[in-house]
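This is what each chain is made of:
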Amino acid sequence: MNTLLYTSCLGLICMVAEILNLRKILVPVIVVGLAAIFFINIQDWGTNPIASIGGIHLDHMVRIDNFSIAFSSLAIGISILLFILSANYYANDQDHISDYLSILIFILCGAIIMFSFYNLAMLFLGIEILSISLYIMAGSRKFDPRSNEAGFKYFIMGSFSTGILLLGIALIYGSSHSFEIGEIAKYTLSTQPSAMYYTGMLLILVALLFKASAVPFHFWSPDVYEGSPVLITTLMSTLVKVAAFGALYRLLSLGFFGTLSYSEPILILVTAATMFVSNVIALNQNNVKRLLAYSGISHAGYMLLAIVSVGGKTDSSLFFYATVYSLAMIGLFALVIMIFKSNHSENVEAFNGLAKKQPIAAAFIAIFLMSLTGIPPFAGFLGKYYIFSDAFKNGYFSITLFAIFNSIIAIYYYFKIIMAMYGNPANDKQINIHPSYWVVASICLLGVIGLGIVPDMLMQLLK
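Presented here is a report on the structure given in the accompanying data block. This is a predicted model, so every value here is computed, not measured.

Below, the discussion takes up the overall build of the protein chain. Looking only at helices and strands, the protein chain has 19 helices and two strands in total. The dimensions of the protein chain, computed from C-alpha atoms along their principal axes, are 70 × 55 × 40 Å. Sequence-distant contacts in the protein chain: of pairs separated by 6 or more residues, those separated by 24 or more amount to 81%. With the model as given, the accessible surface of the protein chain reaches about 17400 Å², and the carbon-plus-sulfur share is 68%. Of the charged side chains in the protein chain, 22 are positive and 21 negative, and the gap between their average positions amounts to 6 Å.

Next comes the structure, spelled out in structure tokens:
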């Protein structure tokens, strides 16, 4: 609970900094503050503290356990890397930087709630805090028609998703007479749930799958990713996706555990469709942001394998996969942002001959793409191995083999960028990469390589 309170206070500090005209020191203060919150968060590891404010127990609303601490730590780490990037990214928009940074912190607050909720009302609040902030940030470039379109589309689609979620929660409450996921679990284990319950469960799954951009609820993702500012695209493809899967795993493992047999066929179908449809469409993409949007959808399909086999306790493999995926995507976008800016283009052609102009940047990008593909010895390979291995052990043979097949398809569109960097002639555009972007890319590279060598650092956390 302290993690959420301190993070919220940090967001308020950003708003006060605007009044006091302290914009120049805002990013360092936020990075240091989040680092301190990270260490405060991990102090609760293994203790399962009771959530409370001013002596009032809130354990019926929020539960702090190792799962929520691990995923909250990951979310804070992702946010620190994004805030380091934001200093240069918003260098020419200092008048609004405090507004942008405070909204980004509130997105993190929503994610933390989604990792620790114990009540469906808190799940709703977490999703709405995250989503409303994202609607604003997707359309934050008010003079860019693409950004306006992205924000409007995301708002409209997200509003429908919210309505579906609320209806699902109402139906679950009508059946189990409780919003608490512990009481809902008791209801499913003690009696035969009604049709109302199953309908509510299905609607909640639809809403969360929308946030995870799983097929067939993915249609908003490519357009919003393409139109949003690149930093916000990075945020949506990492923090938001991790938050959706953390919430989905927590809900199924704690609240809907007694009725997993009902959701299993639906989730298997969605998983297969998510992997296949996204990979096939990505083959023909030339815009890199759209390509990475479909790539993110395909990775949502792989993470859904951990959700399908939730009965076999797959939280460790999900956490490891989410971590290595986020590191690869943030590191990739840290360099891609500067390439887009230098070439004034977001197409694959912007990467032509990059190995001749920026050989280190090209090598970094190639490593991140190979990690996303699942090529050893990088951490992305082990991420897929753990996910596929858990699914195979839990009896999901066909869908696991299908996932391996889809990983092979993905090689083509990832290597399209690598071939452009190393095989095509260079253009005359100079590419200058800001030191802060190198710092973030280097941290991510160390993570992608290091976790490929010593994966037990993360895999043993939730055992």
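A few words on the packing of helix α12 (residues 288–308) against helix α17 (residues 397–423). The geometry of α12 relative to α17 is characterised by a closest axis approach of 11 Å and an angle of 160° between their N-to-C directions. When the axis of α12 is compared with that of α17, the two are roughly antiparallel. Handedness of the α12/α17 crossing: left-handed. Across the interface between the two elements, Val288, Leu291, Ser295, Ser298, His299, Tyr302 and Leu305 of α12 pack against Ile399, Ala403, Asn406, Ser407, Tyr413, Tyr414 and Ile417 of α17. Residue composition of the contact of α12 with α17, grouped by class: nine nonpolar, five polar and no charged.

Counting 175 residues, the largest nonpolar core has Leu252 and Phe351 as its most contacted members. Aside from chain neighbours lying at most four places away, what touches Phe351 is Val288, Val336, Ile339, Phe340, Ile365, Ile417, Ala420 and Met421.

With that out of the way, let us pick up the state of the cysteines. Within the structure shown, the criterion is met by zero disulfides. No disulfide involves Cys9; its sulfur sits 9.1 Å from that of Cys109, the nearest cysteine. Cys9 gets classed as partly exposed once you look at its relative accessible area, which sits at 41%. Overall, the relative accessible area of 3% leaves Cys109 in the buried class.

Rules used throughout
- Residues numbered from 1 in each chain as written.
- Predicted model: local features only at pLDDT ≥ 70, side-chain atom pairs only at ≥ 80, totals over all residues.
- Heavy atoms only, no water.
- Helix = DSSP H or I, 4+ residues; strand = E, 2+ residues; numbered from the N terminus.
- Contact = heavy atoms within 4.5 Å.
- Areas by Shrake-Rupley, 256 points an atom, 1.4 Å probe, with all protein chains shown as cover.
- Lys, Arg positive; Asp, Glu negative; His and termini not counted.
- Charge placed at Lys NZ, Arg CZ, Asp CG, Glu CD.
- Axes fitted to C-alpha atoms, helices over the stretch in contact; angles between N-to-C directions.
- Parallel < 35°, antiparallel > 145°, perpendicular 65-115°, else oblique.
- Left-handed = near helix turned anticlockwise from the far one by under 90°.
- Nonpolar A, V, L, I, M, F, W, Y, C, P; charged D, E, K, R; others polar.
- Core = buried A, V, L, I, M, F, W, Y, C linked by side-chain atoms within 4.5 Å.
- Buried < 20%, exposed > 50% of the residue type's maximum accessible area, 1.4 Å probe, protein only.
- Disulfide = S-S within 2.5 Å.

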